[in-house]
Structures are given as C-alpha cells and as structure tokens.
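Results of the structural survey
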Amino acid sequence: MYNRIAHIALVVKEYDEAIQFYTQKLDFIILEDTKIDEFKRWVVISPTGAKECSLLLAKAANEEQSKSVGNQTGGRVGFFLFTDDFNRDYAKLMNRGIKFVRPPKQEPYGVVAVFKDLYGNLWDLLEPNENNKGVISF
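Residues numbered from 1 in each chain as written. Predicted model: local features only at pLDDT ≥ 70, side-chain atom pairs only at ≥ 80, totals over all residues. Heavy atoms only, no water.

If you look the protein chain up in an unreviewed UniProt entry, it shows as VOC family protein from Flagellimonas aurea.

See the structure below:
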C-alpha cells in the first residue's frame, strides 16, 4: 500500500497576495489555480522540484478561519523548507526582505534558521547534514 500527504492547507487572507509572496519571495511554483466559484479557488503551490507534498492556499471564508491566518500552529514552527545549500538560500531570502526571527544555528541534524511568511507563520529553513539525510529526507 502507498499513502502520502498530498497537500497541507494554509489559510490565507487573499489568494493573490499569498501567491505573490510564495512565488516571488520563496521561488515556489503554481501547480494549479482553478476557480471554483466567485469566492473560492483551488490554488496549489510548491517549492521548485518538490515531488510529494504541496501547499493548498485556502482563503479564510469566515471570522473563525480569519483568526487562524498567520498562527495556524499556535506559534510553533509549522512549515519546513529544506534546502541543499543553506548559505545560498539564506542570503537570497535575506536580500528579498524575509524576516528571520531566529538566526542560523548548527544543530545535530543540520543548519537551521526560522523565518516568518507574509502572515507570520513560522518556517524552518533547513539544510540537513549528511548523517541525517536519511532521517530528515528531501
């Protein structure tokens, strides 16, 4: 049997501003952008080269959903962007105005820094070290 997580829903304020951030700041690509009705779209994005999981941008449809925009994981890091070259991508994101809230740090599993997306969700930028590429895989 083969199962996988296909999409993770990320609640956003507006589709287009989220698309702009993720494609222009993080170099994600749009896999699908389909209008469902006058209010709802099916927008799927992912990092270039991603093979498994992608983000489904889900526009907040009510007040309760709007409250979770930017804090979907209760203030914890909820998203993990792996890289094969931490220094290159860290410098690129810094130059693009991405706000890092924790500076780069060497951990037993690799080098990591924490940044915020346009809404305040926390992300790890992570390059696993050679010993952990099998445990923390690309």
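Having put the structure on the table, let's press on.
1. Some details on the overall build of the protein chain
In terms of regular secondary structure, the protein chain is built from three helices and eight strands. When the helices and strands of the protein chain are read in sequence order from the N terminus, they spell out β-α-β-β-β-α-β-α-β-β-β. C-alpha extents for the protein chain along the principal axes are approximately 50 × 40 × 25 Å. Per-residue burial over the protein chain gives 36% buried out of 138 residues. Pairs at least 24 residues apart make up 54% of the contacts formed inside the protein chain by residues separated by at least 6 positions. When the accessible surface of the protein chain is split by element, carbon and sulfur atoms take 50% of a total near 8600 Å². (Helix = DSSP H or I, 4+ residues; strand = E, 2+ residues; numbered from the N terminus. Buried < 20%, exposed > 50% of the residue type's maximum accessible area, 1.4 Å probe, protein only. Contact = heavy atoms within 4.5 Å. Areas by Shrake-Rupley, 256 points an atom, 1.4 Å probe, with all protein chains shown as cover.)

2. Considering the pairing of strand S7 (residues 110-116)
Where burial is concerned, most of S7 is hidden: six out of the seven residues are buried. As paired strands, strand S6 (residues 100-107) and S7 are joined by five bridges and run antiparallel to one another. If you follow arginine 102 over to S7, its bridge partner there is valine 114. Between S6 and S7, which follow one another and run antiparallel, lie two residues. Pairing analysis gives seven bridges linking S7 to strand S8 (residues 122-128), with the strands arranged antiparallel. Within S8, the position partnered with lysine 116 by the bridge is leucine 122. (Pairing = 2+ DSSP bridges.)

3. Focus: the environment of arginine 96
Structurally, arginine 96 can be placed in the loop between helix H3 (86-95) and S6. Considering only alpha carbons, one finds arginine 96 and leucine 26, 70 residues apart in sequence, at a separation of 8.8 Å. Excluding anything up to four places from it in sequence, arginine 96 contacts Gln24, Lys25, Leu26 and Asp27. A polar atom in the side chain of arginine 96 sits 3.4 Å from the backbone oxygen of glutamine 24. (Polar contact = N/O pair within 3.5 Å; in protein donor to acceptor, adjacent residues only side chain to side chain.)

4. So, the sheet that holds S7
Sheet architecture is open: four strands sit in the order S5-S8-S7-S6, paired in mixed fashion. Strands at the two margins of the open sheet, each flanked by one partner only, are strand S5 (77-82) and S6. Each strand of the sheet is rotated relative to its neighbour by a mean of 20°, with strand direction disregarded. (Axes fitted to C-alpha atoms, helices over the stretch in contact; angles between N-to-C directions.)

5. Focus: the sheet that holds strand S1 (residues 7-12)
Reading across from one edge, S1-S4-S3-S2 is the order of the four strands in this open sheet, with mixed pairing throughout. Bordering the open sheet on either side are S1 and strand S2 (28-35), each of which pairs with just one other strand. Shown here is a sheet whose adjacent strand axes are inclined to one another by a mean of 25°, direction ignored. Two strands pair when backbone bridges link them, and S1 and strand S4 (residues 54-59) are joined in this way by six bridges, in the parallel orientation. Its bridge partner lying in S4, valine 11 is registered against alanine 58. Strand contacts of helix H1 (residues 15-24): S1, S2, strand S3 (41-47) and S4, with the helix running at about 10° to S3, the strand carrying the most contacts.

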